[in-house]
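Listed below are the residues making up each chain.
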Amino acid sequence: MSLPITNHTLEKLEQLLLFMGFKVRYEKGNFKSGACLIDHNKVVVVNKFSNLEGKIAALVSLVKQTNADENLLEDKQKQFYLSLKQTELF
């Protein structure tokens, strides 16, 4: 499965991460996107200067590395999460 590179896809990823307990922030700087734990808060920091494809790739990569509690996800989000786990990054 390949994801469309659209703002809608980016919003779906942000919502999924929100349900998984992450806060997504867009910051400027000379760094690659990633996730970190700050005082037990799960925060994803994405380089705001990355292009749309880069932002989506960073969030998909994070979702693929994360084991979500599927019971906390709504049906549509669970399907999206499971499809992301099988997605090849572009």
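Now for a description of the structure that goes with this document.

Analysis parameters
Residues numbered from 1 in each chain as written. Predicted model: local features only at pLDDT ≥ 70, side-chain atom pairs only at ≥ 80, totals over all residues. Heavy atoms only, no water. Helix = DSSP H or I, 4+ residues; strand = E, 2+ residues; numbered from the N terminus. Expected span 1.5 Å × (residues − 1). Buried < 20%, exposed > 50% of the residue type's maximum accessible area, 1.4 Å probe, protein only. Arc of directions from axis to C-beta. Contact = heavy atoms within 4.5 Å. Axes fitted to C-alpha atoms, helices over the stretch in contact; angles between N-to-C directions. Parallel < 35°, antiparallel > 145°, perpendicular 65-115°, else oblique. Nonpolar A, V, L, I, M, F, W, Y, C, P; charged D, E, K, R; others polar. Core = buried A, V, L, I, M, F, W, Y, C linked by side-chain atoms within 4.5 Å. Phe/Tyr/Trp six-rings, centres within 6.5 Å; stacked < 30°, edge-to-face > 60°. Lys NZ or Arg CZ within 6 Å of the ring centre and 35° of its normal.

Some remarks on helix α1 (residues 7-19)
Reasoning step 1: Spanning 13 residues, α1 covers 18 Å between terminal C-alpha atoms, matching the ideal 18 Å at 1.5 Å per step.
Reasoning step 2: For α1, every residue scored as buried is listed here: Thr9, Leu10, Leu13, Leu16 and Leu17. Seen end-on, α1 carries its buried residues on one side only, within an arc spanning 125 degrees. Looking at α1, the residues exposed on the side facing more than 90 degrees away from the buried face are Asn7, His8 and Leu18.
Reasoning step 3: Where the residues of α1 are buried, they touch β1 (22-27), α2 (52-65) and α3 (75-85).
Reasoning step 4: Backbone geometry just after α1 places Gly21 at a positive phi near 95 degrees.

Comments concerning α2
Reasoning step 1: For α2, built from 14 residues, the straight-helix expectation of 20 Å at 1.5 Å per residue is met to within 8% by its first-to-last C-alpha distance of 20 Å.
Reasoning step 2: Among all positions in α2, only Lys55, Ile56, Leu59, Val60, Leu62 and Val63 are buried. Projected down its long axis, α2 carries its buried residues within an arc of 160 degrees, all on one side.

Some words on the packing of α1 against α3
Reasoning step 1: With their axes 11 Å apart at the nearest point, α1 and α3 run at an angle of 105 degrees to one another. What the angle tells us is that α1 and α3 run roughly perpendicular. Across the interface between the two elements, Lys12, Leu13, Gln15, Leu16 and Phe19 from α1 touch Gln77, Phe80, Tyr81 and Leu84 from α3.
Reasoning step 2: Residue composition of the contact of α1 with α3, by class: six nonpolar, two polar and one charged.

Describing the nonpolar core
Reasoning step 1: Counting 19 residues, the largest nonpolar core has Leu13, Leu16, Met20 and Leu84 as the members making the most contacts within it.
Reasoning step 2: If you list the elements that add at least two residues to this core, you get α1, β3 (41-47), α2 and α3.
Reasoning step 3: No other element matches α2, which puts five residues into this core.
Reasoning step 4: The contact partners of Leu13, leaving out residues within four places of it in the chain, are Ile56, Leu59, Val60, Val63, Phe80 and Leu84.

Remarks on the packing of aromatic side chains
To describe a pair of aromatic rings, one takes the distance between the centres and the angle between the planes.
Reasoning step 1: Tallied over the entire structure, the rule returns zero aromatic pairs.
Reasoning step 2: In this arrangement the basic side chain of Lys12 is found over the ring face of Phe80, its NZ or CZ atom lying 4.4 Å from the centre.
Reasoning step 3: One residue, Lys42, lies across the ring of Phe22, its end atom 4.9 Å from the ring centre.

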